[in-house]
Amino acid sequence: MKYVDEYRDPRLTERLLEAIRRVVTRPWTIMEVCGGQTHTLVRSGLERLLPDGLRLVHGPGCPVCVTPLEQIDRALAIAAQPEVIFCSFGDMLRVPGSSTDLLRVRAAGGDVRTVYSPLDAVRVAREHPDRQVVFFAVGFETTTPATALAVSQARRLGLSNFSMLVAHVLVPPAMEAILTAPANQVQGFLAAGHVCTVMGYEDYVALAARHRVPIVVTGFEPVDLAEGILLAVRQLEAGRYAVDNQYVRAVRREGNRAAQQIVAEVYEICDRPWRGLGVLPRSGLRLSAAYAEFDAERRFACTAITAVESPECRSGEVLQGRLRPDQCAAFGRRCTPEHPLGAPMVSSEGACAAYWKYAPSRPQ
Amino acid sequence: MIACPPPYPLPDSILLAHGEGARLTRRLVREVLLAAFDNEFLRPLADAAVLRPIDGRVVMSTDSYVVNPLSFPGGDIGCLAVHGTINDLAVTGAEPLCLSVALIIEEGLPMATFARVVGSIRDAARGCGVPVVTGDTKVVPRGAADQLFVNTTGLGRLNPAVDLGAHRVRSGDRILVSGTLGDHGIAVLSARGNLELESDLRSDTAPLYELVRALADAGVAVHFLRDPTRGGVSAVLHELADAAAVQIVVEETALPIAAPVRGACELLGLDPLYVANEGKLLLVVPPAAVAAALACLRAHPLGRAAAVIGTVGATGTPEVLVRGMLGRLRVLDEPSGAPLPRIC
């Protein structure tokens, strides 16, 4: 398949790995930001082919995982209301809230539907004018243009029965938080290619300079990741800290201006709590005043949410790259996909899910 | 001249009265079902069919079909319900002899849809030379079922010459599939309409008895045979690994996968190993029988894309591994539920 097979070529990957081995002279710690990249690394076994001392740590780039528990509990409360059709991406359905998850809400009679695009939720709202249709808008910059388009279409159509529960988050503030944490070990980043497809990478230039870390905008296939690692290691060995773009087939420096425009029209930047990272200033998006009527949090009174995190779940440390999933005492024992303690075990981009799915050995 | 008035046509949708045992029920049974399936065993419309004596060990299998939408590229719930049960008999080593068909209909189902599915059951059963000898219809109120549920039960005669099962699987045996993987699951997913995937992909729903018989006739030493339906190849391999207490290694680069299925799986974050097939065999054969098995499969229209996809490894710990594109082994996870498409 074009644009896939050539980026999975084992010979090319091996050549890049060989180049990495030649360049590396010291131990380095690089974080791949996106959960999709984590999955490719673990699935392909690429991380186990890297030279000793070159360590990849897994970043917070799983939007489902970083969505705070109180927002998930809010989603569950809204989804359980009889007049609501609750539309969500499939990733969210198994994510545990304080006491239940969307699949269980559905089994108990809630109308919970999996959609593949936010525009599907708008269509559901048109088809069911007598019901309240709520879309759970989760995701990084990659997903925001599609949800912005959905709400702007709903307004154009005059749909008073459509709203969105927004949990959008932005990547650069999370990278900043990781770099400024006292125990930070991350010396370079593989930035999430698809986020940069939308936003470009101008923001990263200042970030790289401010913290003196190399950042490589990187794709999602084994060849992409091997090349991204090589570019990062070259910079580290040379003492440079610039932004390189490995993912040139999808990313331009300025990003996708049309997508940025619709996002800027519909959303405004806000402070947002992240699971495991706490409240990060200017790290999220909320509907702007012009679209406030489509905010599900306003439409449904569900403010009295007290979220109860599992005391055993260490997903906060996992999301900051401080703990490898298989180093968590609960991993594979008290935390499995059937009985997850936290979102990273069940989200398709979660680091714990990657280790569970592809790890060559699991705790018995 | 006075012409007899024509009988009232059947209503254009299924009513609760069609299931209440009175005149509408009898008309539905006679005018639609018997008209389609007519044979000497069904014709008396008795409470049970009386069959001819069966020589040999009798094999019985039942399955219920609840697919949404009822029709999809390459088939519908009708042919699926026939092929599914016939295939369960075939992979057990049995020659299918007859079927029962039970229909649970949601009130309001268009009569034309019902007639089309019944026609599809008829054509599929005839295509396999297997009569529908008994059946049942029930109508449930709107909302109590999703349009139409079909149950089929099949009887077959065991071929005494074959001995299939996990007990015969040995370390070193090879794992084969008879063709491309995941066609049915992706065809149904794309027919649901909300994906807007456009492709010429069709479900692979097909009866596999002929293919199984060809293997038996050619004397291919098959140790284990299954049709990897719901749960895909992964589900069958995990069952086999557990039952035979063996390690299984699948070669990712050897999997036959049609381009549209690959594309859809890439897009949705699904793995074709977990996606359903409805017209494929998964075989385990000793290394010496691989060439004969492949030749036999590829000589049949349903086995053209047959391939060796893996090996049975050491005995002891049940485990299914995949050798990925970079040559590294990873666990093939057994998902806890249906795979869910991802966000981005």
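The structure presented is a predicted model; accordingly, all values stated were derived computationally and were not measured.

Draft legend 1. Main features of the domain arrangement of chain B. Residues and elements named next belong to chain B. What the domain assignment reports for chain B is domain 1 (16-158) and domain 2 (166-331). Counting residues at the interface gives 17 residues for domain 1 and 21 residues for domain 2. Looking at the side of domain 1 that touches domain 2, the elements with two or more residues in it are helix H2 (77-90) and helix H3 (111-128). Split into classes, the residues belonging to the side of domain 1 that touches domain 2 amount to eleven nonpolar, six polar and no charged.

Draft legend 2. Highlighting unusual backbone geometry. Residue and element names in this part refer to chain B. In this structure, Pro69 follows Asn68 across a cis peptide bond, with omega equal to 0°. Here Pro69 shows up in the loop between strand E1 (58-65) and strand E2 (71-72). Even without a glycine there, the phi angle at Gln147 is positive, about 65°. For Gln147, the location among the structural elements is in the loop between strand E5 (132-140) and strand E6 (148-158).

Draft legend 3. Focus on the confidence of the model for chain B. Chain-level pLDDT for chain B is 93 on average; 95% of the residues reach the 70-or-more range. Confidence estimates for the predicted assembly give a pTM of 0.89 and an ipTM of 0.84.

Draft legend 4. Molecular detail of the sheet that holds strand E12 (residues 319-323) of chain B. Residue and element names in this part refer to chain B. Within the open sheet, the seven strands sit side by side as E8-E10-E7-E11-E9-E12-E13. Their pairing is mixed. Edge positions in the sheet fall to strand E8 (224-226) and strand E13 (329-331), since each has one partner strand and no second. The sheet shows a mean angle of 25° between the axes of neighbouring strands, direction not considered. Where strand E7 (residues 174-177) meets strand E11 (residues 307-315), four bridges bridge the pair, whose relative direction is antiparallel. Paired with Val177 across the two strands is Ala307, which belongs to E11.

Draft legend 5. Main features of the domain arrangement of chain A. Residues and elements named next belong to chain A. If you check the domain split of chain A, you get domain 1 (68-168 + 256-299) and domain 2 (315-358). Placing a centre on the C-alpha atoms of domain 1 and another on those of domain 2 gives a separation of 25 Å. Counting residues at the interface gives seven residues for domain 1 and ten residues for domain 2. Each residue belonging to the side of domain 1 that touches domain 2 can be placed in one class, and the counts come to three nonpolar, one polar and three charged.

Draft legend 6. Here's a closer look at the interface of chain B and chain A. Between chain B and chain A, the contact holds 22 residues from the first and 36 residues from the second. The set of elements that each furnish at least two residues to the side of chain B that touches chain A consists of helix H7 (259-268) and E13 of chain B. In terms of residues, the side of chain B that touches chain A owes the most to one element, H7 of chain B, which gives four residues. Partitioned by chemical class, the residues of the side of chain B that touches chain A number ten nonpolar, six polar and six charged.

Draft legend 7. Main features of the sheet that holds strand E5 (residues 132-139) of chain A. All names here are of chain A. Spatially, four strands are ordered E4-E3-E5-E6 in an open sheet, and the strand pairing comes out parallel. Edge strands, defined here as strands with exactly one partner in the open sheet, are strand E4 (111-114) and strand E6 (162-168). Looking at each pair of strands side by side, their axes are set apart by 20° on average, direction ignored. Bridge count between strand E3 (residues 84-88) and E5: four bridges; the pairing is parallel. When the sheet's bridge partners are listed, Val84 is paired in E5 with Gln132.

Draft legend 8. Summary view of the environment of Gly135 of chain B. All names here are of chain B. Mapped onto the fold, Gly135 is located in strand E5. Look at Gly135 and you get buried, because 21 C-beta atoms sit within 10 Å. Taking the C-alpha atoms as reference, Gly135 lies 38 Å from Ile175; in sequence the two are 40 residues apart. In this view, Gly135 contacts Leu33, Ser100, Val101 and Ala102; residues no more than four positions away in its chain are not counted.

Quick notes on the rules
Residues numbered from 1 in each chain as written. Chains lettered and ligands numbered in written order. Predicted model: local features only at pLDDT ≥ 70, side-chain atom pairs only at ≥ 80, totals over all residues. Domains from an automatic or database assignment. Contact = placed C-beta atoms within 7 Å. Helix = DSSP H or I, 4+ residues; strand = E, 2+ residues; numbered from the N terminus. Nonpolar A, V, L, I, M, F, W, Y, C, P; charged D, E, K, R; others polar. pLDDT = per-residue confidence, 0-100. Pairing = 2+ DSSP bridges. Axes fitted to C-alpha atoms, helices over the stretch in contact; angles between N-to-C directions. Buried ≥ 20, exposed ≤ 12 C-beta atoms within 10 Å, placed from the backbone.

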